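# Chain and residue survey
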Amino acid sequence: MGRLFLIDLEESTYTCKHCETHLALARDVISKSFTSRHGKAYLFDNVVNVTVGEKEDRMMITGVHTVVDIFCVGCGSILGWKYEAAHDKSQKYKEGKFILERFKVLGPDGSSYSNTQEAQMDGSDADDE
């Protein structure tokens, strides 16, 4: 197994709640109004220190999207997904963007988020904007 190189972010960061690997800058949050199967989720312009799974078409509340799940390189926890393609024109802005499920990460102030605060949903990807 090779040596693991992590990108260390400066400024306010979101980190993996299991191993505290840096994932994203607070300034890269595009929206905090998304919902996943497990509750609140944030849309980010850029995320680091993740690996990606296989591409798959997934039916979400806003339609079919081609996505890849993203995993923490530090501990392997699934953190959310990356939008590879949106099949609906109105959803194209999501392409190349990342979803981090809020209960999987620590906020910039080190706070965690309890998914019991949100209603659980079968679909995902709703944005309230």
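As recorded in an unreviewed UniProt entry, the chain goes by the name Protein yippee-like, listed as coming from Penstemon smallii. As its UniProt record puts it under Sequence similarities (unreviewed entry), the chain is described as follows: "Belongs to the yippee family."

What follows concerns the nonpolar core. With 13 residues, the main nonpolar core has L23, F44, V47, L79 and L100 as its most contacted residues. Every element with two or more residues in this core is listed here: β1 (13–16), β2 (22–25), β4 (39–44), β7 (63–72) and β9 (98–101). Here V47 is in contact with L23, A24, F98 and L100, once residues within four sequence places are set aside. Membership of the second largest hydrophobic core comes to eight residues, among which are F34, A41, L43 and Y83.

The next thing to look at is the environment of H87. Structurally, H87 is set in the loop between β8 (78–86) and β9. For the pair H87 and V64, spaced 23 residues apart in sequence, the C-alpha separation works out to 5.9 Å. With residues near it in sequence (within four places) discarded, H87 still touches D57, V64, H65 and T66.

Let us look at the packing of aromatic side chains. A complete count under the given rule lists three aromatic pairs for this structure. Feature note: the residues Y14, Y42 and F44 constitute an aromatic cluster, connected by ring pairs.

Attention shifts here to the pairing of β9. Along β9, one buried face is formed by F98 and L100 and the opposite face, lined by I99 and E101, is buried too. For β4 and β9, the ladder comprises four bridges, and the chain directions are antiparallel. Residue L43 lies in a different strand from β9, and its bridge partner there is I99. Here β8 pairs with β9 via three bridges, running antiparallel. Residue pairing across strands places W81 opposite I99, the latter belonging to β9.

Conventions and cut-offs
- Residues numbered from 1 in each chain as written.
- Predicted model: local features only at pLDDT ≥ 70, side-chain atom pairs only at ≥ 80, totals over all residues.
- Heavy atoms only, no water.
- UniProt positions renumbered as here; feature names shortened; annotations may be inferred.
- Core = buried A, V, L, I, M, F, W, Y, C linked by side-chain atoms within 4.5 Å.
- Buried < 20%, exposed > 50% of the residue type's maximum accessible area, 1.4 Å probe, protein only.
- Helix = DSSP H or I, 4+ residues; strand = E, 2+ residues; numbered from the N terminus.
- Contact = heavy atoms within 4.5 Å.
- Phe/Tyr/Trp six-rings, centres within 6.5 Å; stacked < 30°, edge-to-face > 60°.
- Pairing = 2+ DSSP bridges.

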